[in-house]
Amino acid sequence: MEGNLMAGYDYIELKVNNGELNLDNLNNDQLKILDHRYVIYIYRSITNKKFYIGQTKNFKERNKEHHDGREQKFNSANFNEVIILFSQYFNGSSLDDVESQLITYFIADNQRSRSYPIQYSYYEVINLTMGNSIAEYQNREDISSKVILPFWSNVLYPKKWVKSKTIDKLRDEELVKYSPIKILTEQQQNIINDILKHPTKSYVINGDAGTGKTILLTHLVAKLIKKNEKNKNNKIRIGVVVQPNWEDIAKKIFKVYGLLNNDNLTVATSTTLIKQKDLYDIIIVDESHKLSRRHNKQMASFNSVYNIKKFSNCKSHLEILKKLGKQMVLMYDVLQAIRPANITRADFRELTADFEQRTLSTQFRVQVSVSKSYTSDDYINGIKYLLYKDTNLLQYTNYNPDFDKSLFQDNADDAYFGYFEDKPLHKLSNWIDSDRNFHPEHINRVLAGLVEPWKIADGKDINKTQWHEKGYDNEPDLNLRWNSTQKNWLQSKDTDAKDQIGSVFAVQGIDLNKVGVLIGKDLQVNKDNQLVGDPSHFYNVNGKFSKEDYDIPTNKTEFTIYVLNIYYVLLTRGIDGIRIGFWHNDKFKKYFKETLEC
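In this report, the structure presented in the accompanying data block is examined. (Residues numbered from 1 in each chain as written. Predicted model: local features only at pLDDT ≥ 70, side-chain atom pairs only at ≥ 80, totals over all residues. Heavy atoms only, no water.)

**Digging into unusual backbone geometry**
Rules: Relative accessibility thresholds used throughout: buried, under 20% of the residue-type maximum; exposed, over 50%; partly exposed, between the two (1.4 Å probe, protein chains only). By the criteria applied, helices consist of DSSP H or I runs no shorter than four residues and strands consist of E runs no shorter than two, each listed in order from the N terminus.
Phi at Asn 78 takes a positive value of approximately 55°, unusual for a residue other than glycine. Given a relative accessible area of 42%, Asn 78 falls into the partly exposed group. A positive phi angle, close to 65°, is found at Lys 160, a residue other than glycine. In this fold, Lys 160 is placed in the loop between helix 6 (140-156) and helix 7 (174-177). Lys 160 gets classed as exposed once you look at its relative accessible area, which sits at 69%.

Here you go:
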């Protein structure tokens, strides 16, 4: 037995032998903790390195239940140690959150283990989070800062129960950010409940970048699988459609949380799912704004689905998916279609005319300091205004014109937003590099519009660089290259991976900590002082119309929107901060300053 008094929590460490607790030397107060206090408990097996995390109000009784022979995982695990965590901040509601957070962090900490040795009562955790929201209990900040963080760093790490010294780095892992057992907001939970209650209705979930659409997807899948476990004779078939750059991550998330090893769940790209020609009770699509349509600039593999006889008359992947799924749930952002081969807004609206429309409004990605007078929403609304004020798209978003422009005028070091007047490549690279000295766990990148030539083959040659800028003040010249790969770029093993310039294709749907964005000459200002796309400075052949098609006025407008959407995606990747640089684009610099009064 071991205990240690902390400011916000305490813990008891016990030996376990064949399910029997060694309670020697426990005082009366500690024994009472085990009998009738809200606690989190973590079992560990020294021999097979397995863990089990749970919660209870009567630990001694719960321990007996675990070891009464009915739970197979306890029969085989041979747990011989347990830590019982308790706190003045624990109550029925907060315990759900603490349990799910610790499970998530343990899984992320052990993700490189092939066996994923973290065990928990999965269906109990899913049940516990049902209906709960982040705002449903007080002292959530105290729980984080005074219990979870110090318990991990001061108890679990020194005792070698975990490998990571702090939780900070784990927070940036996909397994944590998109965990299907995190506590949801009330808004997210209400949408999930509505979908589950109405299996004959289809839904469009509208949401700006960073509003939790993907989290909602992972939770919905978890709840559907739980529903299958209850209805073993009437299981529903679930299809999950993701973008190619997120397929491996999605499968990893579902695998480590025990969801992927399920005959009734398929996670695939739209092309793969369609070619399998299977029918589903529900198909859930992440980033449905990027679904493909039949188009001459479309990749051949995406167009190949129209060679299937029964789909030969279809005009888009969405039209085919509707034939394969009884119920559809589409995560959608009208501002994130980035190429002509994506489904058009008009086609999307037509195909979803009878769908239920729901909107997510809480901003999760952008984290403005609480010490500031402005908020995350002010940033998102300001960027929307900057890019889209002369389009008709703001009416389809959660735009609020009353945003605080002081955010864009804040020159403090800890300002969320800022910009550099000159030497953008040097200054943006130095800015994100400097942050790494203070926060080595941060994932920072410089991103850019498609304004420098790039070939897929170039990604294999470290000596082929596309971004060049002369040095200044005794600094060397900079010669950097585009992202070497679009798929799993952030996990690249390239020696220069952190210095590569990221394109929209490598980061759409991805969170970063601090982000530099180079805005180039593909975004011009016309004589009416409106933003327009310039194809002569846009280096993605599949992202623009042919010369003949471009002469059609509506296509000129569409191309401009694609360029605006690309910069919107880039400018909404940063969790902790954004800085922009003007890449040979003084006209946009002037427009930016005038529009946001910088």
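So, next bit.
**Notes on the sheet that holds strand 15 (residues 445-448)**
Strands belonging to one sheet form pairs held by backbone hydrogen bonds; the direction of such a pair is parallel or antiparallel. This is how it is decided: Two strands qualify as a pair provided that DSSP identifies no fewer than 2 bridges between them. By the convention used here, residues are in contact when the closest approach between their heavy atoms is within 4.5 Å. Each axis is a line fitted through C-alpha atoms, taken for helices only over the stretch in contact, and angles between the N-to-C directions span 0 to 180 degrees.
The strand order across the open sheet formed by five strands is 14-22-19-15-18, and the pairing between neighbours is parallel. The sheet is open, and its two edges are formed by strand 14 (417-420) and strand 18 (501-502), each paired on a single side. Helix 19 (residues 553-571) contacts strand 15, strand 19 (512-519) and strand 22 (574-582) of the sheet and is inclined by roughly 150° relative to strand 19.

**Here's the deal with helix 20 (residues 586-596)**
So the rule is basically this: Picture the helix axis, draw a direction to every C-beta atom, and the arc is the one those directions span.
Within the span of helix 20, buried status applies to Phe 588, Lys 589, Tyr 591, Phe 592, Thr 595 and Leu 596. With its buried residues spanning 165° around the axis, helix 20 presents them on a single face. Seen from the open side of helix 20, the exposed residues pointing more than 90 degrees away from its buried face are Asp 586, Lys 587 and Lys 590. Close packing links the buried residues of helix 20 with helix 15 (376-388), strand 14, strand 19, strand 20 (523-525), strand 21 (531-533) and strand 22. Of the residues one or two after helix 20, Glu 597 is the one with positive phi, at around 55°.

**Topic: the pattern of salt bridges**
Rules: Take a side-chain nitrogen of Lys or Arg and a carboxyl oxygen of Asp or Glu: if they are within 4 Å of each other, that pair is a salt bridge.
In the structure shown here, the tally under the stated rule is 33 salt bridges. Residue Arg 62 pairs with Glu 65 through a salt bridge whose shortest N-O separation is 3.0 Å. Placement of both Arg 62 and Glu 65 in helix 2 (residues 59-66) is noted, with a separation of three residues, approximately one turn of the helix. Using a relative accessible area of 13% as the deciding quantity, one classes Arg 62 as buried.

**Focus: the packing of aromatic side chains**
Here is the rule we go by: Between the rings of Phe, Tyr and Trp (Trp by its six-membered ring), a pair exists once the centres lie within 6.5 Å; its type follows the angle of the planes, with under 30 degrees stacked, over 60 edge-to-face, and the other angles tilted. By the criterion adopted, a ring carries a charge over it if an Arg CZ or a Lys NZ lies within 6 Å of its centre and within 35 degrees of its normal.
Counted under the stated rule, the structure contains 33 aromatic pairs. Here Phe 106 and Trp 152 contribute two aromatic rings whose centre-to-centre distance is 5.5 Å and whose plane-to-plane angle is 70°, an arrangement assigned as edge-to-face. One end of the pair, Phe 106, is in helix 4 (residues 92-109); the other, Trp 152, is in helix 6, and 46 residues separate them in sequence. The exposure classification of Phe 106 matches that of Trp 152, with both residues buried. Taking the centre distance of 5.0 Å and the plane angle of 55° together, the rings of Trp 467 and Trp 583 count as tilted. Here Trp 583 lies in the loop between strand 22 and helix 20 and Trp 467 lies in strand 16 (residues 467-469), a separation of 116 residues in the sequence. Take Trp 583: its relative accessible area is 4%, and that puts it in the buried class. Grouped by ring-pair contacts, the aromatic residues Tyr 379, Tyr 385, Phe 403, Phe 408, Tyr 416, Phe 417, Tyr 419, Phe 582, Phe 588, Tyr 591 and Phe 592 constitute a single cluster. Sitting over the face of the ring of Tyr 396, Arg 349 holds its NZ or CZ atom 5.0 Å from the ring centroid.

**Some thoughts on the side chain of Gln 336**
Let me state the cut-off plainly: Think of a polar contact as two N or O atoms within 3.5 Å of one another; within protein, one of them needs to be a possible hydrogen donor and the other a possible acceptor, and neighboring residues in sequence only count if both atoms come from side chains.
Summarising the element assignment, Gln 336 is placed in the loop between strand 12 (325-332) and helix 14 (345-351). We classify Gln 336 as buried; its relative accessible area is 4%. Separated by 2.9 Å, the side chains of Gln 336 and Asp 333 make a polar contact. Residue contacts for Gln 336: discarding those within four places in its chain leaves Ala 209, Glu 287, His 289, Lys 290, Gln 508, Asn 565, Tyr 568, Val 569 and Arg 573.

**Focus on the packing of helix 15 against helix 20**
Condition: When an angle is under 35 degrees it counts as roughly parallel; over 145 it counts as roughly antiparallel; between 65 and 115 it counts as roughly perpendicular; any other value is oblique. Each helix crossing is assigned a hand: it is left-handed if the near helix lies turned anticlockwise from the far helix by less than a right angle, otherwise right-handed if that turn is clockwise. Note on residue categories: nonpolar means Ala, Val, Leu, Ile, Met, Phe, Trp, Tyr, Cys or Pro, charged means Asp, Glu, Lys or Arg, and polar means any other residue, Gly included.
The contact between helix 15 and helix 20 brings their axes to 10 Å, and the two run at 125°. Classified by the interaxial angle, the pair formed by helix 15 and helix 20 is oblique. Between helix 15 and helix 20 lies a crossing whose hand is right-handed. Between helix 15 and helix 20, the contacting residues are Gly 382, Tyr 385 and Leu 386 on the first element and Phe 588, Tyr 591, Phe 592, Thr 595 and Leu 596 on the second. In the contact of helix 15 with helix 20, the residues fall into six nonpolar, two polar and no charged.

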